Amino acid sequence: MAAITLENLTKTYAGGVTAVSGVDLDIADGEFVVLVGPSGCGKSTLLRMIAGLETVSAGAVRIGAREVNRLEPAERDIAMVFQNYALYPHITVRQNLSYGLRNRRIPKDEIARRVGEAARMLEIGPYLDRKPRALSGGQRQRVAMGRAIVREPAAFLFDEPLSNLDAKLRVSMRGEIRALQKRLGTTSVYVTHDQLEAMTLADRLVVLRGGRIEQVGTPLDVYRNPVSTFVAEFIGAPAMNLLPAQIAQERLRLPCGAAVAVPSCLLPRAEGPVTLGLRAEDLRLASPEDAAFHADLSHVEELGSQRLAHLRLSGHSLVAAFDKGVALSDRLALAFAPEAVHLFDARTGLRLGAP
Amino acid sequence: MQHKRTTFRHRGLPYLLLAPQLAVTGVFFLWPAGQAVWQSFLREDAFGLKTSFVGLANYTKLLHDPQYLGSLHVTVIFSLATAALSIVSALVLALAADRVLRGPRVYTALLVWPYAVAPAIAGVLWWFLFNPTIGILSYALRALGHDWNHLLDKTDAMVLVILAAAWKQVSYNFLFFLAGLQAIPASLREAAAIDGAGPVKRFFTIVAPLLSPTTFFLLVVNVVYTMFDTFAVIDATTEGGPAQATNILVYKVYRDGFIGLDLGGSAAQSVVLMGIVIVLTVVQFRFIERKVTY
Amino acid sequence: MVENRRFLDILAHAVLLLGVLAVAFPVYVAFVASTHPSSDFVSGVVPLLPGSEGLATYREVLAGGGSTQMSVPIALALKNSLIMALAIALGKIAISILSAYAIVWFRFPLRQLAFWAIFITLMLPVEVRIVPTFKVVADLGLLNSYAGLSVPLIASATATFLFRQVFLTIPDELMEAARIDGAGPIRFFRDVLVPLSQTNIAALFVILFIYGWNQYLWPILITTDDSFTTVVAGIKRMADVTDGEPRWNDIMATAMLAMAPPALVVIVMQRLFVKGLVETEK
């Protein structure tokens, strides 16, 4: 077990493209950190630099006390789970699990013990003598996990390990990965583009954008206090509603012309345009006289437990989440609590006011 | 040029891995080819005592040599006739094999083995069949009123080498046509049938256009085959005769170089042949690239 | 099948049968000729039914001494052919898989140049550069040797490209997983790449074995000593008789023996053969 430290980590490719720039991050021993962001944000490159599969252009990677920049992947005491599992197709599951151990000249009985234990933990005992081809996607995923576990590494690195599974399996494997990591207490870095996966797995989320860290925090912290419109839109489903608004006379003027009061701690120093953020679940139906604004119903998505109302407000679309069974008319009167308001700089997209 | 996302970081190892191939390529391919180019600018005197640089003289001599031009003519006829014969018969067989429901694999097995027969052996077999005194086919032809003798008659000799060369190549073309036919989705032909196209019309409107890339590919491959690999067919049968009637370019390079000992002239011919192969290879690769982008 | 037309089905079978017969006919005649005593060829036409002298002819040919032109038994020529074909096939596979490995999994200066040097061999068939290549082999003292028969033919761009193609389809992650598992380049090659390429190696072997076995011009040039001649090259010497008729039964028996090994390889390994043929042309 070990902590992982990234210092001003930068990756510039030969062509001059910078994939990761100046990333500083401390990952505590035993922590489960998820790197999340849209494709091209540098999350995979970052993980591959920790693994040693990409060279480091500038900065440092430390695993435990050692700087590992120049070490081969095998010398870094890490294990990695790949999106396509990368199992060796020509040898059995057992040989797949033990290949890395044999390369490290670990004694036979120790290999057998570790493989047996991993097989029991992951319930892949019955398949040990099959080849990967004969396994289902979920089983292959378990074998890939097993190959990481038998190494007993200082850290697990996961590169979108659930992306190739169907939705149902993904949810159950997600739970298993989290339980396994809790039990083993191994430091883990997990890359995904799926914000829900990120929210449910992480001790801490690292949201990346354009090769830089946009925000680091616990899932709830990031959900509640996104530092920018980018994070606000990326984390949470449905995405946070963003509307152009104006600050005038300490009140917030909506695109439809309605004005509402906002907590003074959120108010920017200058008057002018801002971006208003509202979570779908923070919108509620109100009586016409209490309503902050009125919006036209365009259509309703039925999720069973919830009804997602897609609305039009002066040419902008927004989404509101209501409990099941709530009756919706063609024109809705809506309100929201002042504390539910997120304000962002209209130009930079950065959060305004105290976090 | 493509390589893997992650590569090994060794400095010396890749050179070590490439060394055997590069050594063989350098010693037995590039160096001799360079020698041929160099030689083609030289001329030895009659006694092999003095070698002098003559520039392009060997080439201009070639272009004015009626024997060389004759050889070029013979090569074109031989190549095109062999390619046409083997491609057309292979196409007919492949269409039939694609149609039969029972036993296509057995037919395939029975049709493809001539690929394994050496061109030299193919030549010997056909030479024997047409042997003017005891050959069974020449006997049959005599019965039909044609006095076959490929040792004397230029046309007979040409027909003989074309048959021998094409016979061996049919299996290769057959395999590629069959693969091409089987790659045509059944739904296309069904749609055409529903549209009222009969088998003949279907062939010309649906199958033939879809097979045209394969046909073009085979045409190039067959021309390369007839220009170079058929050396053995010629040497085992007519040895270029009678009266140069089957003296194709490759054979002439060999005769002039090894038997005529005209090194400069032979080298110039080699260089011309290299030019032809390079053009054909480029055409083939252009074509493959185009196929990939489709 | 789009529609049921009995006529077309029968026609298809008829065409195929005709094709099979046309393809087999020369070989059948050769076989028949090999079973008759040589006296049967002195007059008239070749018989169409097998004779009774077959075993004797084959025994005589294999043991040698029957022919006026070949000083060595065909058994020796067959052995030479086998050695040459195996050396060429295995040699080509070995050097090609190594160079493809270097080109795909390493980045190094001159990589592009190496690729082109290999590529250009496609454009230099042995027939084209025959005189200078002969001279190189002679200068190296390789005339009349197995090395001279095989080494100059084992550089192959086709095989290198095939392996390169195969390697490019292997997912990047496999090598990455192997590296994390502590496998260096040599171990990865031995433990993962070679086992994964098995079928391609086998398919290529079939094609290259036939290629090597059927070489003609090269062995003729390189071997002046009959004890190194191959069966395909040797048959010409048997047929080249200046006085009198060639011994047709011996020649045809030799032809049968020369055809049998590669034809058997094609028939027995038809699936691998087709795979090899189609893939080397991609």
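Cut-offs applied
Residues numbered from 1 in each chain as written. Chains lettered and ligands numbered in written order. Predicted model: local features only at pLDDT ≥ 70, side-chain atom pairs only at ≥ 80, totals over all residues. Heavy atoms only, no water. Buried < 20%, exposed > 50% of the residue type's maximum accessible area, 1.4 Å probe, protein only. Helix = DSSP H or I, 4+ residues; strand = E, 2+ residues; numbered from the N terminus. Pairing = 2+ DSSP bridges. Contact = heavy atoms within 4.5 Å. Buried area = accessible area lost by both parts, 1.4 Å probe. Salt bridge = Lys/Arg side-chain N within 4 Å of Asp/Glu carboxyl O. Axes fitted to C-alpha atoms, helices over the stretch in contact; angles between N-to-C directions.

Q: Would you take a moment to explain the pairing of strand β19 (residues 331-335) of chain A for this structure?
A: Strand residues, when the strand is regular, have side chains that alternate between the two faces of the sheet. All names here are of chain A. Judged by how many residues are buried, β19 sits mostly within the fold: 4 of 5 residues are covered. Note: strand β15 (residues 284-285) against β19, 2 bridges, orientation antiparallel. Of the residues in β19, the one forming a bridge with Arg284 is Ala335. Both strand β16 (residues 293-302) and β19 contribute to a ladder of 4 bridges, which runs antiparallel. Counted as the bridge partner of His294 is Ala333 from β19.

Q: It is not clear to me how the interface of chain B and chain C should be interpreted in this structure. Could you clarify?
A: How big an interface is tends to be reported as the loss of accessible area on association of its parts. Listed per partner, the contact involves 100 residues of chain B and 117 residues of chain C. Together, the buried faces of chain B and chain C total about 9,900 Å²; carbon and sulfur atoms form 76% of this surface. Linking chain B to chain C there are 4 salt bridges. C:Asp172 serves as the salt-bridge partner of B:Lys4, at 3.9 Å between the closest nitrogen and oxygen.

Q: For this particular structure, what's the right way to read the sheet that holds strand β4 (residues 58-63) of chain A?
A: In any sheet, the strands associate via hydrogen bonds between backbone groups, in a parallel or an antiparallel arrangement. All names here are of chain A. Strand order in the open sheet made by the 4 strands is β2-β1-β4-β5, with antiparallel pairing throughout. The two strands at the open ends of the sheet, each matched to only one other strand, are β2 (18-27) and β5 (66-67). Looking at chain direction, strand β1 (residues 4-12) and β2 are connected through 6 bridges and run antiparallel. Residue pairing across strands places Lys11 opposite Val20, the latter belonging to β2. Across the sheet, helix α1 (residues 43-51) is in contact with β1, β2 and β4; its angle to β1 comes to roughly 115°.

Q: How should I be thinking about unusual backbone geometry in this particular structure?
A: Glycine aside, the phi torsion of most residues is negative, and most peptide linkages are trans. Residues and elements named next belong to chain A. For the peptide bond that leads from Ala237 to Pro238, omega is -5°, which places it in the cis range. Structurally, Pro238 can be placed in the loop between α8 (229-234) and β11 (241-248). Even without being glycine, Tyr85 reaches a positive phi, approximately 70°. Mapped onto the elements, Tyr85 comes out in the loop between β6 (78-81) and α2 (93-103). For Tyr85, a relative accessible area of 7% puts it in the buried group. Residue Glu152 is not a glycine yet carries a positive backbone phi of 45°. Here Glu152 shows up in the loop between α4 (137-150) and β7 (155-159). For Glu152, a relative accessible area of 44% corresponds to the partly exposed category.

Q: Is there a simple way to think about the pairing of strand β3 (residues 32-36) of chain A in this case?
A: Residue and element names in this part refer to chain A. For β3, the tally of buried residues reaches 5 of 5 residues, placing the bulk of the element in the interior. Of the pairings in the sheet, the one linking β3 to strand β8 (residues 187-192) comprises 5 bridges and is parallel in character. Residue pairing in the sheet places Phe32 in a bridge with Ser188 of β8. Here β3 pairs with strand β9 (residues 204-209) via 4 bridges, running parallel. In the sheet register, Val34 faces β9, and the bridge partner there is Leu205.

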